[in-house]
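Report on the structure
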Amino acid sequence: MLKDSLQINQPPLANDLDISASLEVNQILAFLDINIPGFPPYFKEIKDSDRENRISDLLVHHLQLCKTEQSDGFFPFDFRKNPTQAISGKETDIGVFVLTRGIRPLPILELEAKRFSATSNNEQYVSGAGRGGIERFKRGEHSSHLTICGMLAYVQKPTSDDWIKKVNGWIDNLAITNTDNTIDWTGKDEKLMKIKTYSKVEKLSSKHIRKQFSDTIFLWHYFIDLN
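Here the structure is a predicted model, which means the values were calculated and not measured.

Analysis parameters
- Residues numbered from 1 in each chain as written.
- Predicted model: local features only at pLDDT ≥ 70, side-chain atom pairs only at ≥ 80, totals over all residues.
- Heavy atoms only, no water.
- Helix = DSSP H or I, 4+ residues; strand = E, 2+ residues; numbered from the N terminus.
- Rg over C-alpha atoms; globule rule 2.2 N^0.38 Å.
- Buried < 20%, exposed > 50% of the residue type's maximum accessible area, 1.4 Å probe, protein only.
- Contact = heavy atoms within 4.5 Å.
- Areas by Shrake-Rupley, 256 points an atom, 1.4 Å probe, with all protein chains shown as cover.
- Pairing = 2+ DSSP bridges.

With that settled, consider the overall build of the chain. Within the chain, the regular secondary structure consists of six helices and seven strands. Relative to the globule expectation of 17 Å for 227 residues, the C-alpha radius of gyration of the chain, 17 Å, shows essentially globular dimensions. Projected onto the principal axes, the alpha-carbon positions of the chain cover approximately 50 × 45 × 35 Å. A total of 227 residues make up the chain; the buried ones form 48% of that total. Pairs at least 24 residues apart make up 56% of the contacts formed inside the chain by residues separated by at least 6 positions. Of the roughly 11400 Å² that the chain leaves accessible, carbon and sulfur atoms contribute 51%.

If you want it as structure tokens, here you go:
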């Protein structure tokens, strides 16, 4: 089929046949799979801060460089920090936009980042005080116009596997103890499931109930070891 022959630097045309709605998102995810594993050594080389926002800035810079280096300058997507939306004042950390004038500039993929360390409020990867990463996706405060998004875990101490176990434990606990009827944590796929291991990166997936919209949102998780 035509979609099987498309390259990462070859966007679909409007009249192409057999193109799924998620093809562009899949192109971006394939790009992330290839290039996120190159971020830890790049970060180690140029590191000047442990702050979460600074790490996200450096990751965006890394991805933009990879985009240029690997596609002869032609990859019709742009990685941006803190993308805005018309209907929400809460911004994710990284958004990916299609470079075209034909549509309003809305991200077609959004990534929320959280730092795991001895000093971070680590449970906010899941929920808490209006800043919980997964919770914001579930409530539609992030990416209400999307059904596939992602999260980035900047792991500084101790290990990715340690934090993955804790994240799933926090989700399990919410499924049992949550009394807020505006959100549901009991879905069978809410916990993170490991998909693939790359160099210094664990890729996982989860699917979450969005009670407000009577649907679900699928999240890809990249746990990035920055030790």
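Residues in a regular strand point their side chains to alternate faces of the sheet. In terms of burial, strand S7 (residues 215-225) is largely enclosed, as eight of its 11 residues are buried. In the sheet, strand S4 (residues 148-155) pairs with S7 via eight bridges, with the strands oriented parallel. For Ala153, the partnering residue across the bridge sits in S7 and is Phe223. Strand direction decides the pairing type here: strand S6 (residues 201-210) and S7, joined by 10 bridges, are antiparallel. Residue pairing for S7: His208 is matched across the bridge by Ile217. Hairpin connection between S6 and S7: a loop of four residues separates the two successive antiparallel strands, and Ser214 in this loop has a positive phi of roughly 55 degrees.

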